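Architecture at a glance
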Amino acid sequence: MIWIGPSLATLAVVLTGIGHAQPWRDELATWSAAGRPLGDLVRLAGTIDAATSPYYLFMHAWVAVFGDSVTALRLPAALAMAATAGLTAVLGQRLVGARVGLLAGLLFAVLPGTSRYGQEARPYALATFLAVLATLLLVEALARPGWTRWAGYAVAVAALGLTHLVALTLLAAHAVTVLATRRTQPGNRPLRWVLALLPTVLLLTPLVLLAREQRSRQLGWVETARPDDLAALAGGVAQSGVVGGLLVGLAALGAARLGRRALLPGLAVLLPVLLLFAAGLVVSLWVPRYLVFVVPFACLLAGAALATVPLPPALAVVALAGLLGLPDQASLRRTHEWPRSATVDYRGAARIVADGQRPGDVIVYSPRESWFFLDLGLAYHLGDRRPRDVLVTEDQARRGDLWAAECARPAECLAGTDRVWLVVTGRREDPLAAVPGAKGDALRADFTVERVWPRPGLTVALLTR
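Note that the structure is predicted; figures quoted are calculated from it, not measured.

Observations regarding helix H5 (residues 70–95)
The end-to-end C-alpha distance of H5, which contains 26 residues, comes to 38 Å, matching closely the 38 Å that a straight helix rising 1.5 Å per residue would cover. Approximately 30° is the largest bend angle found in H5, and it occurs at proline 76.

Topic: the pairing of strand S5 (residues 419–425)
Of all seven residues that make up S5, seven are buried, and the element is covered over most of its length. With five bridges connecting them, strand S1 (residues 362–366) and S5 associate as parallel partners. Considered in S5, the bridge of serine 366 is made with valine 424. Direction of pairing for S5 relative to strand S7 (residues 458–464): antiparallel, over a ladder of seven bridges. In the strand pairing of S7, valine 424 is matched with threonine 459.

Observations concerning the packing of aromatic side chains
Following the criterion strictly, the structure yields 12 aromatic pairs and no others. Seen from their ring centres, tryptophan 31 and tyrosine 380 are 5.1 Å apart, and the 85° between their planes marks the pair as edge-to-face. In this pair, tryptophan 31 is assigned in helix H2 (residues 25–34) and tyrosine 380 in helix H19 (residues 374–382), connecting sequence segments 349 residues apart. Ring centres of tyrosine 117 and tyrosine 124 lie 5.9 Å apart, and the angle between their planes is 85°; on these two criteria the pair is classed as edge-to-face. Here tyrosine 117 matches tyrosine 124 in class, with each residue buried. Positioned above the aromatic ring of phenylalanine 372 is the side chain of arginine 25, whose terminal nitrogen or guanidinium carbon lies 5.6 Å from the ring centre.

What to know about the pairing of strand S6 (residues 448–455)
Bridging between S6 and S7 involves seven bridges; their strand directions are antiparallel. Bridged to proline 454 within S7 is threonine 459. In this structure, the hairpin formed by S6 and S7 is closed by a connection of two residues, where glycine 457 is found at a positive phi of approximately 85°.

Details of helix H14 (residues 263–282)
Compared with an ideal rise of 1.5 Å per residue, which puts 20 residues at 28 Å, H14 spans 28 Å between its outermost C-alpha atoms and is within 8% of the ideal. Within H14 the residues assigned to the buried category are Leu264, Pro265, Gly266, Leu267, Ala268, Val269, Pro272, Val273, Leu276, Phe277 and Gly280. Of the surrounding elements, those touching the buried residues of H14 are H5, helix H8 (124–143), helix H10 (170–181), helix H12 (227–238) and helix H15 (295–306).

Reading the values: rules and limits
Residues numbered from 1 in each chain as written. Predicted model: local features only at pLDDT ≥ 70, side-chain atom pairs only at ≥ 80, totals over all residues. Heavy atoms only, no water. Helix = DSSP H or I, 4+ residues; strand = E, 2+ residues; numbered from the N terminus. Expected span 1.5 Å × (residues − 1). Bend = angle between axes of the 7 residues up to and from the residue. Buried < 20%, exposed > 50% of the residue type's maximum accessible area, 1.4 Å probe, protein only. Pairing = 2+ DSSP bridges. Phe/Tyr/Trp six-rings, centres within 6.5 Å; stacked < 30°, edge-to-face > 60°. Lys NZ or Arg CZ within 6 Å of the ring centre and 35° of its normal. Contact = heavy atoms within 4.5 Å.

Function cannot be inferred from these measures alone, as they are strictly geometric.
Printed below as a string of structure tokens:
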């Protein structure tokens, strides 16, 4: 029952303030996708974000049952992180001992990164849970071979790939571990491991090919990796530079203490990092949050270091890690944007429009096709109260995309409109001047700015004819 304490601690931390920070851009994409009919969701997978489509399908079912409030959208991630802490404790107990597992699970609970990704409606927490689950099932299958255990491992690996393709780099660590058992344990474990991966290969090959075609559109904003990105990784996945540094230091000490027993957790950290970094040197793929699933294995190594001292001092170090992360814990409950200086206040903008709109008002966004998702942000917070999106000719669902299509002749679409709510990115003294192209020309020709409301990350303006 060693899992109870870490799971409950993680759940308590992650649920604290879970609904306070408003959904950020990536979560708005999840909300948009999850609320679509299944046919539209399939069409979206064929256009963009195919790699995330299985998660969107899961969230579609979740939202249908539990709704789309901020807390409801994030609850699967919170539960996944709590379960991850418990499984980390069990895996630590299985590999080294009960004290190592307990300390590893508790350390995982207090990391700011655990809260950050446990309070986000994205697949990273689920992938982290499945990574630890698959590793634990592998350990069990290697220790007590049986087709039922290998079948459980096969299901966990397939689910891991469906949730997060990058997390399959963990299989490199599994492969080395399986090969290492040939010297100490008789039997055909490598063959059984390969056979257990066949369902994953068959299931994920079409998804990988489709995601590869969409990579330039999906990850066009990502720069190629640089050597100093490795140094920043610990702070990125832990969501705190000082806590990430502490975790790396403890993990290094734990690896030295464990010796050969550090093989699996050590490689589960190093190989995914090195493989993604090597790929990121060539293509635009290096995104630190894609590697959140390695954090529990780093906690296992750190737990081994802490287990060398009596329990009270070890728990004091865990508490110290929690205290050092408190500023970041508070910050991530204010905003999920990264960097946090790039906060976009969709909720505040929506409140301005809701308080001031009149019948017949319309709304216009600029820029439209950007990762700021201005229209989705306002739509989430306004719901049925939002003004008519006057320039839209085909919405996101019908288009099978994350962005709507606008009419080619904005002046004609704006005809007969007397009041326009204009929402633009950034702080703008003259919002009309920030609207480019024919849309800007049409607005400037027929409307004047009556009032401007600057909000973090965007500006709302009321235009009158």
